[in-house]
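# Coordinate inspection notes
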Amino acid sequence: MSTRHVGFLGLGLMGSRMAKNLKAKGFEVTVWNRTRARADELAPLGLHVASTPAEVATVADVLCTCVADVPALREVALGAQGLLSTARSGQLFIDFSTVSVPLVRELGAAFGAKGVDVIDAPVTGSKNGAEKGTLVIMAGGSDAAMARADAVFKAVGEKVIHCGPLGAGTQVKLAGNGLIAAMLQAFSEGLLLTSKAGVDPRKFIEVVQASGFRSPYFDFKGKALLERDFSTHFEVDLMHKDLTLLLENAAANRVPTPTAASVREAYALARAAGKGQDDIGAVITTFEALCGHRIGDRGEE
Ligand code: NA7
């Protein structure tokens, strides 16, 4: 079956940009979103809008999803008007969401029984990567399915890493998000500590970035934190969801992950303070409030 007609379901921060890139790269694209207005916004660009996930599966060859979490993907894929109800043999299903390994495997079995290949393909790169088509894609699935997904992957990302069989992409993604959350938390705490102790936090960044543990991520987040730019690239609620998935995954594999457990509580604090929809950079503002000091403010003189 051809892969030229792509269905895209879930037009949030990531999905809307990925769907636009698929259209710009020459695919015929049919979109669906729970809140229809977000899908209608794409119609003037030539994307078709469907009323239900089932309708998408009747017209598209490749079915792509990028929705918030496990309940959302379950509804879109397996619900009464979900993709499975009208899926047919020869289609390819690529899920770009970050969900659980058991759900990905359940989808593999359910869609596989209808002759549909499934790939789990969570992404990293946040809003900017989705916008520019430079996402890093970590995928799980058969070699044959990966080959069929290649053109779609190239339209939305710049690097694809085949991590192993179905579920392997999600496994790597959960471990990777544990690392990002821990890096950002330790970095933010370092900024707050140096700043409150009366040392210019820019010196902390300068030293970190001159060292062997430098990261482009610290350039990006360091600038945002110093400028107090908390515009959302990746939501606190979504990272909290991913850390929760990581802890469930770690428990199932009997691997202790105390760092992920404690960082998740930092995210729980931010959510309790009403910052769930803010960017993950805003987690430290909860700690600033507790300490009575904002990063970059001058201490008492
Ligand atoms: P966003 O911007 O929060 O978008 C989430 C999308 O998921 C959006 O299209 C939502 O539709 C959709 N959603 C949420 N709940 C449901 C349910 N129950 N049913 C159907 N659709 C739903 O997230 P991102 O784009 O940043 O991230 C998407 C995924 O990639 C996520 O797994 C991240 O961890 C990585 P809405 O517009 O609210 O109706």
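The structure presented is a predicted model; accordingly, all values stated were derived computationally and were not measured. (Residues numbered from 1 in each chain as written. Predicted model: local features only at pLDDT ≥ 70, side-chain atom pairs only at ≥ 80, totals over all residues. Heavy atoms only, no water.)

## With respect to the overall build of the chain
Threshold: Starting at the N terminus, helices and strands are each numbered in turn, a helix being any DSSP run of H or I of at least four residues and a strand any DSSP run of E of at least two. A radius of gyration in this sense is built from C-alpha atoms; the matching globule rule multiplies 2.2 Å by the number of residues raised to 0.38. Note on classification: 1.4 Å probe, protein chains only; a residue is buried when its accessible area is under 20% of the maximum for its type, exposed when over 50%, partly exposed between these limits. By definition in these notes, contact holds between two residues if any of their heavy atoms fall within 4.5 Å. Computed by Shrake-Rupley with a 1.4 Å probe, the accessible areas treat only the displayed protein chains as cover when residues are assessed. Charged-residue counts in this description rest on Lys and Arg as positive and Asp and Glu as negative, His and the chain ends being excluded. In plain terms, the charge of a residue is placed at NZ if it is Lys, CZ if Arg, CG if Asp and CD if Glu.
Within the chain, the secondary structure is distributed over 13 helices and nine strands. Computed over C-alpha atoms, the radius of gyration of the chain comes to 20 Å, within 12% of the 19 Å expected from 2.2 N^0.38 for 301 residues, which places it in the range of a compact globule. Relative to its full complement of 301 residues, the chain shows a buried share of 50%. Taking the contacts inside the chain whose residues are at least 6 apart along the sequence as the reference set, 68% of them involve residues at least 24 apart. For the chain, the accessible surface area stands at approximately 13,600 Å², while carbon and sulfur atoms represent 56% of it. Looking at the chain, you have 32 positive and 32 negative side-chain charges, and the mean spots of the two groups are 2 Å apart.

## Topic: helix 13 (residues 283-291)
Spacing of three or four residues puts side chains on the same side of an α-helix, whose turn is 3.6 residues. Of all the positions in helix 13, only V283, I284, T285, T286, F287 and E288 are classed as buried. Where helix 13 is buried, its residues touch helix 8 (168-196), helix 10 (216-226), helix 11 (236-252) and helix 12 (258-272). Positive backbone phi, at 65 degrees, marks G292, one or two positions downstream of helix 13.

## Considerations on the site of the ligand
As a reminder, the rule being used: Being near a molecule or strand, for a residue, comes down to having at least one heavy atom within 4 Å of it. Counted as a polar contact is a pair of N or O atoms within 3.5 Å, where, for protein atoms, one must be capable of donating a hydrogen and the other of accepting one, and residues adjacent in sequence contribute only when both atoms are in side chains. Where each domain starts and ends comes from a domain assignment, either automatic or drawn from a database.
Around the ligand, the structure places 20 residues, and the nearest of them are L13, N33, T35, R38 and K241. Contacts to the ligand include V67, whose backbone N or O atom sits 3.0 Å from an oxygen atom. Protein chains shield 87% of the accessible area of the ligand, which is 790 Å² for the free molecule. When residues in the shell around the ligand are grouped by element, the largest group, three residues, is from helix 11. When residues of the shell around the ligand are assigned to domains, at least three map to each of domain 1 (5-165) and domain 2 (171-291).

## Re the side chain of T30
Structurally, T30 is set in strand 2 (residues 28-32). Among all residues touching T30, those that are not within four sequence positions of it are H5, V6, G7, F8, H48, A50, V56 and V59.

## So, the domain arrangement of the chain
Examined at the domain level, the chain breaks down into domain 1 (5-165) and domain 2 (171-291). Placing a centre on the C-alpha atoms of domain 1 and another on those of domain 2 gives a separation of 28 Å. Every contact between the two is made by 16 residues of domain 1 and, on the other side, 14 residues of domain 2. Listed by contribution, the elements that provide at least two residues to the side of domain 1 that touches domain 2 are strand 7 (123-124) and helix 6 (126-132).

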